[in-house]
Amino acid sequence: MNQKYFTTPIYYVNGIPHIGSAYCTLATDTLARFWRKQLGKDNVHFLTGTDENSQKTVEAAEKAGKTPAEYLDSMAENWKNTFQKINVSFDDFIRTTEERHFQTVHNVIGKIEANGDIYKGKYTGKYCSGCEAFKKDSDLTEDGLCSDHKKIPEKIEEENYFFRLSNYQDKLLKFYEDNPEWLTPEKRKNEILSFIKEGLEDISISRETASLGIPMPNDQDHKIYVWFDALINYYTAVQDKPGFWNEAYHIIGKDITRFHCIIWPAMLMSAGIELPKGVFAHGFFTVNGQKMGKSLGNVIDPLDLSAKYGNDALRVGLLSSFEFGNDGDFSQENFDAFYKTKLAGGVGNLFNRVIVLIHKFLDGKKPQISGKNENEEFWNEFVSAFEAKKLKEAIDVFLRLIDSANELLNETEVWKLAKTDLEKSKEIFTELLQKLELASEMSEILLPETYPKMKAMLGNTEKVGEKGILFPPVE
Ligand code: MSP
């Protein structure tokens, strides 16, 4: 129980990271940072990475005039660099073309096969390479198009290996009954339960015609279906990290719950491997009310936001846009206003003012008054919010703490009080410093790049440090 393992989905490399992928990754990163602070660094493992055995890769590589391997290396590097640039503190970055993954996939599929859940049959149906998914007619639009990709899925008729997903219908229903909190939010669980109740069919898990991918263990001519291999990445990454698998927690987008909450647990049940601790499915961004997409030209690059506003603003700006778990909208204006009013005008201004005043009236010395600390409630609420994965709420608690300090400053007019009653003003400065200390503790998680600057401003036990600009003005 004293360890935690967090994962993000692994990303397809045929696109570049946008704020949707940054959102999921920064949310998971923020959870990992919170738990590292609570449990110690070594007790938390945070995995992200790239999903590479996809047919989309082959097409994208061709377009880029590269071999698939060259293309994959450069794109995986791009994703990794972007995550590093926006200060994602992953402990491991997995690529599904790595040898360690290949071995684990064979090991898991071997167990599923040994359990009698894999058989060979003929697949006749439709496949959308955009989704990397087999489609039922009921999944398509009236014109027979994939509703997400607006393309006619490819007709396929080939020999495939199948996984007996139908064997797991009752077991999955029983599992959800016994573990009602395994998949949250509740509305996602309800969707999954009704899907299972409609009846589960066996699924095709190999492609004879795919050129890229991990071959089936005993049949080189068949490549394993990309999702079947991709899900196993979470297990691959902790093969040499005893204790973590039992504490795995998947953070995913609501678009991929069927894979994570039906197929994946069924695969693990079949292989006799313990299931992860839970899954959380977050909502989707629209940009100014519209779905984000290349064709609409409204894809936002997280690196652009980070270059202008900094990584910490990117993180809390995205995470406070809407409740984690709901859908929400992102608008550049709201983001800009959040930066200016809450971060620069709220947090930055407060820290600077308090430090300047303590220099002015107390020569930079901290008043050594041992009063009681009234802020415990803020910390407790902050912790409860994180325990419930309510990331926006945690940021709101932090901002309320900042507001409470600004109110104290303004209501007491401590800059006037210090001239008439220095002793009384010392009590106020003590209270203000306590609030700033707590705000900096929360910032270690929420604003990790600002945190050391705050610490420097707060100085040592005797004196405060120098004034400083935490959030510089932007154009
Ligand atoms: N490769 C699969 C996942 C395999 S996990 C074993 C995949 N990749 S993806 O790159 O297409 O999308 C990954 C995730 O990116 C989505 O689940 C979602 O978390 C996130 N998002 C992509 N677009 C998004 C938004 N517009 N808004 C929020 N998150 C979005 O699916």
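Parameters and conventions
Residues numbered from 1 in each chain as written. Predicted model: local features only at pLDDT ≥ 70, side-chain atom pairs only at ≥ 80, totals over all residues. Heavy atoms only, no water. Pairing = 2+ DSSP bridges. Helix = DSSP H or I, 4+ residues; strand = E, 2+ residues; numbered from the N terminus. Axes fitted to C-alpha atoms, helices over the stretch in contact; angles between N-to-C directions. Parallel < 35°, antiparallel > 145°, perpendicular 65-115°, else oblique. Contact = heavy atoms within 4.5 Å. Disulfide = S-S within 2.5 Å. Buried < 20%, exposed > 50% of the residue type's maximum accessible area, 1.4 Å probe, protein only. Core = buried A, V, L, I, M, F, W, Y, C linked by side-chain atoms within 4.5 Å. Expected span 1.5 Å × (residues − 1). Bend = angle between axes of the 7 residues up to and from the residue. Nonpolar A, V, L, I, M, F, W, Y, C, P; charged D, E, K, R; others polar. Polar contact = N/O pair within 3.5 Å; in protein donor to acceptor, adjacent residues only side chain to side chain. Arc of directions from axis to C-beta. Near = heavy atom within 4 Å. Areas by Shrake-Rupley, 256 points an atom, 1.4 Å probe, with all protein chains shown as cover. Phe/Tyr/Trp six-rings, centres within 6.5 Å; stacked < 30°, edge-to-face > 60°. Lys NZ or Arg CZ within 6 Å of the ring centre and 35° of its normal. Right-handed = clockwise from strand over helix to strand, strands pointing away.

Draft legend 1. Structural context of the pairing of strand β12 (residues 219-224). In terms of strand pairing, strand β10 (residues 206-207) meets β12 through two bridges, oriented antiparallel. Paired with S206 across the bridge in β12 is I224. Between strand β11 (residues 215-216) and β12, which pair antiparallel and follow one another directly, the connecting turn spans two residues.

Draft legend 2. Structural context of the packing of helix α11 (residues 311-319) against helix α12 (residues 332-362). Running from N to C, α11 and α12 point in directions that differ by 110°, and their axes come no closer than 10 Å. The angle between the axes of α11 and α12 places the two elements in the roughly perpendicular class. Touching A313, L314, V316, G317 and L318 of α11 are F335, F338, Y339 and L343, all from α12.

Draft legend 3. Spatial organisation of the state of the cysteines. Per the stated rule, a full pass over the model turns up zero disulfides. Not part of a disulfide, C261 finds its nearest cysteine sulfur in C24, a span of 13 Å. For C261, a relative accessible area of 0% translates into the label buried.

Draft legend 4. Main features of the nonpolar core. Counting residues in each nonpolar core, the largest one holds 92 residues, and the members touching the most others are L318, F351, F386 and F398. Contact partners of F398, with chain neighbours within four places excluded, come to V347, A439, M442, S443, L446 and L447. Of all hydrophobic cores here, the second largest spans 65 residues; its members include C128, I214, I262 and I263.

Draft legend 5. Local environment of helix α9 (residues 257-271). Taking 1.5 Å per residue, 15 residues should reach 21 Å; α9 reaches 20 Å between its end C-alpha atoms and fits that length. Along α9, the sharpest kink reaches roughly 30°, centred on I263 and followed within four residues by the proline P265. A large share of α9 lies buried, amounting to 13 of its 15 residues. Among the residues trailing α9, G272 stands out with phi positive, at a value near 70°.

Draft legend 6. Expanded view of the packing of helix α2 (residues 55-64) against helix α3 (residues 68-85). Where α2 contacts α3, the two axes come as close as 9 Å, and the packing angle between them is 95°. Comparing their axes, α3 and α2 come out roughly perpendicular. Here α2 contributes T57, A60, A61 and A64 to the contact with α3, which in turn contributes P68, Y71 and L72. Grouping the amino acids of the contact of α2 with α3 by side-chain chemistry returns six nonpolar, one polar and no charged.

Draft legend 7. Main features of the side chain of D312. The topology assignment puts D312 in helix α11. A polar side-chain atom of D312 sits 3.0 Å from the main-chain amide nitrogen of E449. The residues touching D312, leaving out its near neighbours within four places in the chain, are L447, P448, E449 and T450.

Draft legend 8. Here's a closer look at helix α17 (residues 451-458). If you check which residues of α17 are buried, you get Y451, M454, M457 and L458. Along the axis of α17, the buried positions cluster into a sector of 120°, meaning they face one direction only. As for α17, its buried residues are in contact with α12 and α16 (422-446). Of the residues one or two after α17, G459 is the one with positive phi, at around 65°.

Draft legend 9. Quick peek at the side chain of S129. Among the structural elements, S129 can be located in the loop between β5 (118-128) and β6 (133-135). Overall, the relative accessible area of 17% leaves S129 in the buried class. When near neighbours in sequence (up to four residues on either side) are disregarded, S129 contacts K56 and E59.

Draft legend 10. Spotlight on the site of the ligand. As a structural note, the neighbourhood of the ligand is formed by 21 residues, with I10, D51, D255, H282 and F285 the closest of them. Taking Y12, its main chain carries an N or O atom lying 3.2 Å from an oxygen atom of the ligand. A distance of 3.0 Å is found between a nitrogen atom of the ligand and a backbone nitrogen or oxygen belonging to F285. Relative to its unbound accessible area of 660 Å², the ligand is 89% covered by the protein chains. Elements that contribute at least two residues to the shell around the ligand include exactly β2 (11-12), α1 (19-39), α7 (226-231) and α8 (233-236). Split by residue class, the shell around the ligand holds 12 nonpolar, seven polar and two charged.

Draft legend 11. Summary view of the sheet that holds strand β17 (residues 328-330). Strand order in this open sheet of three strands is β16-β15-β17, and the pairing throughout is mixed. Looking at which strands have only one partner, the edges of the open sheet turn out to be β16 (290-291) and β17. Relative to β17, strand β15 (residues 285-287) is paired through three bridges, and the arrangement is parallel. If you follow T286 over to β17, its bridge partner there is D329.

Draft legend 12. Molecular detail of the packing of aromatic side chains. Tallying each qualifying case throughout the model produces 35 aromatic pairs. A ring pair is formed by Y127 and F134, whose centres lie 4.7 Å apart and whose planes are at 70°; its orientation type is edge-to-face. Exposure class is identical for Y127 and F134. Each is buried. Here a set of aromatic residues connected by ring pairs shows up, and it is made of Y23, F280, F285, Y309, F322, F324, F330, F335, Y339 and F471. When the ring centre of W35 is taken as origin, the NZ or CZ atom of K4, which lies over that ring, is 4.5 Å away. For the cation-ring pair, K389 lies above Y249, with the distance from its terminal atom to the ring centre recorded as 4.1 Å.

Draft legend 13. Structural context of the sheet that holds β10. If you walk across this open sheet you meet the three strands as β10-β12-β11, and the pairing is antiparallel. Two strands close off the open sheet at either side, each with one partner strand: β10 and β11. As defined by bridge partners, β11 adjoins β12 across two bridges and the pair is classed as antiparallel. By the bridge assignment, M216 is partnered in β12 with D219.

Draft legend 14. Up close: the pairing of strand β13 (residues 248-253). Buried residues dominate β13, accounting for six of its six residues. Taking every second residue as pointing to the same face, both faces of β13 are buried, with A248, H250 and I252 on one and Y249, I251 and G253 on the other. Judged from the three bridges that link them, strand β1 (residues 4-7) and β13 form a sheet pairing that is parallel. Bridged to Y5 within β13 is A248. Both β13 and strand β14 (residues 278-282) contribute to a ladder of five bridges, which runs parallel. What sits directly across from Y249, in β14, is G278. Assessed by its sense of winding, the connection that carries the chain from β13 through α9 to β14 is right-handed.

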